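# Working through the structure, step by step
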Amino acid sequence: MTKVLMVCLGNICRSPLAEGILQSKLSLESFFVDSAGTGDWHIGSQPDKRSIAVAKKYNIDLTTQRARQFKVKDFDTFDRIYVMDRSNYDNVIKLAPTNEAKSKVKLILNEITPGQNTEVPDPYFGGEDGFEHVYQLLDEVCNVIAKDLKS
Ligand code: 4NP
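Residues numbered from 1 in each chain as written. Predicted model: local features only at pLDDT ≥ 70, side-chain atom pairs only at ≥ 80, totals over all residues. Heavy atoms only, no water.

As recorded in an unreviewed UniProt entry, the protein goes by protein-tyrosine-phosphatase and comes from Myroides marinus. Turning to the protein, the UniProt record has this under Sequence similarities (unreviewed entry): "Belongs to the low molecular weight phosphotyrosine protein phosphatase family." (UniProt positions renumbered as here; feature names shortened; annotations may be inferred.)

Written out as structure tokens, the structure is:
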């Protein structure tokens, strides 16, 4: 079982979408996909209603997800940890106890634009179109990640 963790700040906008999208491209018998936030404000909350709505448009259900905070034990549990932006990257790397743990952490869009350190923009303070844009970015990169995981 290969385990993948998606990480953003609040675990209510971007990483729940990344979790749902990647899950939809993989067999859940062989892969476990989860998400977490580096912050603690939204622990226990459902994803943002705008993330739920954009996912629903593409037949992905996020309503059973609940936000949780990233924890040091996640470095043991997960094989790959994908972060959405450079601030998430710094916050997760700061908690890594070993170099092996650090090596699991990747900026997600580097899977399609290697070395560019492009960020998935935080759509929280914007409008609905920001959520569509985030969906499209994550759908594109999750195609590449799913193909790689299955090969
Ligand atoms: P996320 O978006 O990191 O994609 O879940 C955010 C959600 C909430 C906040 C910031 C970003 N907030 O400041 O509460």
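Additional details are given in the paragraphs that follow.
### Observations concerning the overall build of the protein
If you tally the helices and strands in the protein, you get six helices and four strands. When the helices and strands of the protein are listed from N to C terminus, the series reads β-α-β-α-α-β-α-α-β-α. The C-alpha radius of gyration of the protein comes to 14 Å, within 12% of the 15 Å expected for a compact globule of 151 residues. Taken over the C-alpha atoms alone, the protein extends approximately 40 × 35 × 30 Å along its principal axes. Expressed as a percentage of the 151 residues in the protein, the buried residues total 48%. Long-range contacts, defined as pairs at least 24 residues apart, comprise 72% of the intrachain contacts of the protein with a sequence gap of at least 6. Taken as a whole, the protein presents about 7,700 Å² of accessible surface, with 49% of it coming from carbon and sulfur. Taken as two groups, the 19 positive and 21 negative side-chain charges of the protein have centres that lie 2 Å from each other. (Helix = DSSP H or I, 4+ residues; strand = E, 2+ residues; numbered from the N terminus. Rg over C-alpha atoms; globule rule 2.2 N^0.38 Å. Buried < 20%, exposed > 50% of the residue type's maximum accessible area, 1.4 Å probe, protein only. Contact = heavy atoms within 4.5 Å. Areas by Shrake-Rupley, 256 points an atom, 1.4 Å probe, with all protein chains shown as cover. Lys, Arg positive; Asp, Glu negative; His and termini not counted. Charge placed at Lys NZ, Arg CZ, Asp CG, Glu CD.)

### Regarding the site of the ligand
If you check the shell around the ligand, you find C8, L9, G10, N11, I12, C13, R14, H42, D122 and Y124 and nothing else. At 2.8 Å, a backbone N or O of G10 approaches an oxygen atom of the ligand. Take R14: an N or O atom from its side chain is 2.8 Å from an oxygen atom of the ligand. Considered on its own, the ligand offers 360 Å² of accessible surface; in the complex 90% of this is hidden by protein. When the residues that make up the shell around the ligand are grouped by side-chain class, the tally is five nonpolar, three polar and two charged. (Near = heavy atom within 4 Å. Polar contact = N/O pair within 3.5 Å; in protein donor to acceptor, adjacent residues only side chain to side chain. Nonpolar A, V, L, I, M, F, W, Y, C, P; charged D, E, K, R; others polar.)

### Quick notes on the UniProt feature "active site" (unreviewed entry) in the protein
UniProt records the feature "active site" (unreviewed entry) at C8, R14 and D122, using the numbering of this structure. A maximum C-alpha distance of 8.7 Å is found for the annotated residues, which run over 115 residues; spatially they form one tight group. Relative to the helices and strands, C8 resides in strand β1 (residues 2-8). Beyond its immediate sequence surroundings of up to four residues, C8 is in contact with R14, S15, P16, A36, G37, T38, M84 and N88. Counting through the fold element by element, D122 comes out in the loop between β4 (105-107) and α6 (128-150).

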